[in-house]
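# Survey of secondary and tertiary structure
Each chain, written out:
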Amino acid sequence: MISRSPWLYHFNSGGCNGCDIELIASIAPGFDLERLGCVLKGSPRHADILLVTGCVTKQAEKRLKRIYSQLAEKKIVIAIGSCALSGGAFRSSYNRAGPVDRIIPVDIYIPGCPPRPQAIIHGIKTALERL
Amino acid sequence: MIGLAFALPVSIFFNWLERKLRARSQFRIGPPLLQPIYDLIKLFGKQNLRNIRASPLLSFLPLLYLVPITLLISRLPFGPWPGNIDLISIFFLLALASISSFLSGVLSFSPYGYFGARRELLQLVSYEAPLVLAILSPAILYSDFFLDRGFGFSLILHPACLVFFLSSLAKLRRSPFDLPNAIQEIVEGPFTEFSGPALALIHLSEWLETFCLSSLFYILFIGIPNLWLHLFSIFCFFLLMVLIDILTPRWKIERLMRFFWIFTFPLAVIEVGICWWLS
């Protein structure tokens, strides 16, 4: 039933905020993810899908692991944006702990700098169809 | 028991309606009709995470919320069917539901839960006295403390209606009195640490509590033994509550306490006095 009511939890692991704005745009009136049953939740314990944006900084690494462990099974992780996928503009930065999939298992990758809301919705939809 | 058979589908429908109205008011399309059922089934199928530092009692607290509310709904009169409950039990069961949400905040050992619980308690102190007095006024007017059927309609009771409505807004944690689970400030307040089946039970009890208070409003202040009138009144109560919820911003706790102790409580006391004098 997760495919009918996926609840989202959003974690910015140290990006420039561009992907976050696009993510909010996909939930806000123009695109309205609630049509798919998605609700943005404040607590990872309530959520099914973890949306990670930003290159993971060394400080955010431990927090990302903790948040991942606080999601109840079954859980899906979606990495959003070039930084989360490969480091992007921050690739050679001294305080980067690596792309998201080096720290926690990732199910869906959404490329783009930042990805458009349509791409984010397509990514979430693909994740739900693969369940 | 017949009330309970109506309560479940009606409260699930109301939850969908609330989300749909909220979405339409923000120019969104909103969730499909069966969304609350999907949510519940999903939550029941999920893992029940437990915080190691939290008290083991925490797993029973959703039941302490759900059981009083279901007991209350099953005993209240509904439409033409008579009830079997007295007012003292109503006060007790309603307070038990609030106490359980306070306890789940304190015992969950989370800062958000702790702040939610503190706000819940401050809010309880504010609305409980006016709520009890508003329920008492028709009982004093008709000199009857046993609810086997609804009380009658009376013009004298209009201030009590207002007090009951405002207090139940605070009791159901609706905006402008949604301080205990203010999502933008303290995540979900007392219910932050719950997941899976426990969270499903909490959501279910919240929806049933809404149904319970709107049903109680009809029984206390209108009380005509007619099923359709009863359902229509519940619908109107709910609609007004959701509209206020959508349209108003959250108040600060000082303003809430001042409002309840300076405006609502004296109004309720005067109302009880008038009812006592008239009876």
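Our subject in this report is the structure included herewith. (Residues numbered from 1 in each chain as written. Chains lettered and ligands numbered in written order. Predicted model: local features only at pLDDT ≥ 70, side-chain atom pairs only at ≥ 80, totals over all residues. Heavy atoms only, no water.)

## Concerning the overall build of chain B
Of regular secondary structure, chain B possesses ten helices and two strands. The N-to-C order of helical and strand elements in chain B reads α-α-α-β-α-α-β-α-α-α-α-α. Taken over C-alpha atoms, the radius of gyration comes to 18 Å for chain B, in line with the 19 Å a tight globule of 279 residues would show. Taken along the three principal axes of its C-alpha coordinates, chain B extends 55 × 40 × 40 Å. When contacts within chain B are restricted to residue pairs at least 6 apart in sequence, those whose partners lie at least 24 apart make up 80%. (Helix = DSSP H or I, 4+ residues; strand = E, 2+ residues; numbered from the N terminus. Rg over C-alpha atoms; globule rule 2.2 N^0.38 Å. Contact = heavy atoms within 4.5 Å.)

## Focus on the packing of aromatic side chains
Taken as a whole and judged by the stated rule, the model has 21 aromatic pairs over all chains. Here the aromatic rings of Phe177 of chain B and Phe260 of chain B are separated by 5.2 Å at their centres, their planes lie at 55°, and the arrangement is tilted. Here Phe260 of chain B lies in helix H10 (residues 253-278) and Phe177 of chain B lies in the loop between helix H6 (158-171) and helix H7 (183-186), a separation of 83 residues in the sequence. Taking 5.5 Å as the distance between ring centres and 35° as the angle between the ring planes, the aromatic pair formed by Phe259 of chain B and Phe263 of chain B counts as tilted. Residue Phe259 of chain B and its partner Phe263 of chain B are located together in helix H10, separated by four residues, close to a single helical turn. A relative accessible area of 38% places Phe263 of chain B in the partly exposed class. An aromatic cluster is built from Phe13, Phe14, Trp16, Phe235 and Phe238 of chain B, whose rings are joined through pairwise contacts. A cation over a ring is seen here: Lys41 of chain A above Trp7 of chain A, with NZ or CZ 4.3 Å from the ring centre. The positively charged end of Lys75 of chain A is found above the aromatic ring belonging to Tyr68 of chain A, 4.3 Å away from the centroid. (Phe/Tyr/Trp six-rings, centres within 6.5 Å; stacked < 30°, edge-to-face > 60°. Buried < 20%, exposed > 50% of the residue type's maximum accessible area, 1.4 Å probe, protein only. Lys NZ or Arg CZ within 6 Å of the ring centre and 35° of its normal.)

## Regarding the pairing of strand E1 (residues 7-12) of chain A
Along any regular strand the residues' side chains alternate between the sheet's two faces. Residue and element names in this part refer to chain A. Two strands pair when backbone bridges link them, and E1 and strand E2 (residues 39-40) are joined in this way by two bridges, in the parallel orientation. Bridge pairing in E2 places Leu8 opposite Leu40. Sheet topology places E1 next to strand E3 (residues 49-53); five bridges connect them, and they run parallel. By the bridge assignment, Asn12 is partnered in E3 with Thr53. (Pairing = 2+ DSSP bridges.)

## Concerning the side chain of His230 of chain B
Secondary-structure assignment places His230 of chain B in helix H9 (residues 227-247). Contact partners of His230 of chain B, with chain neighbours within four places excluded, come to Pro77, Phe78, Gly79, Ser215, Tyr218 and Ile219 of chain B.

## Remarks on H6 of chain B
Owing to its 3.6 residues per turn, the α-helix aligns residues three or four sequence positions apart on the same side. Residues and elements named next belong to chain B. In this model, H6 (14 residues) spans 20 Å end to end at C-alpha, consistent with the 20 Å of a helix rising 1.5 Å per residue. Among all positions of H6, only Ala160, Cys161, Val163, Phe164, Phe165, Leu166, Ser167, Ser168, Leu169, Ala170 and Lys171 are buried. Two residues or fewer after H6 comes Arg173, characterised by a positive phi angle close to 55°. (Expected span 1.5 Å × (residues − 1).)

Scope: geometric values only; no functional claims are made or implied.
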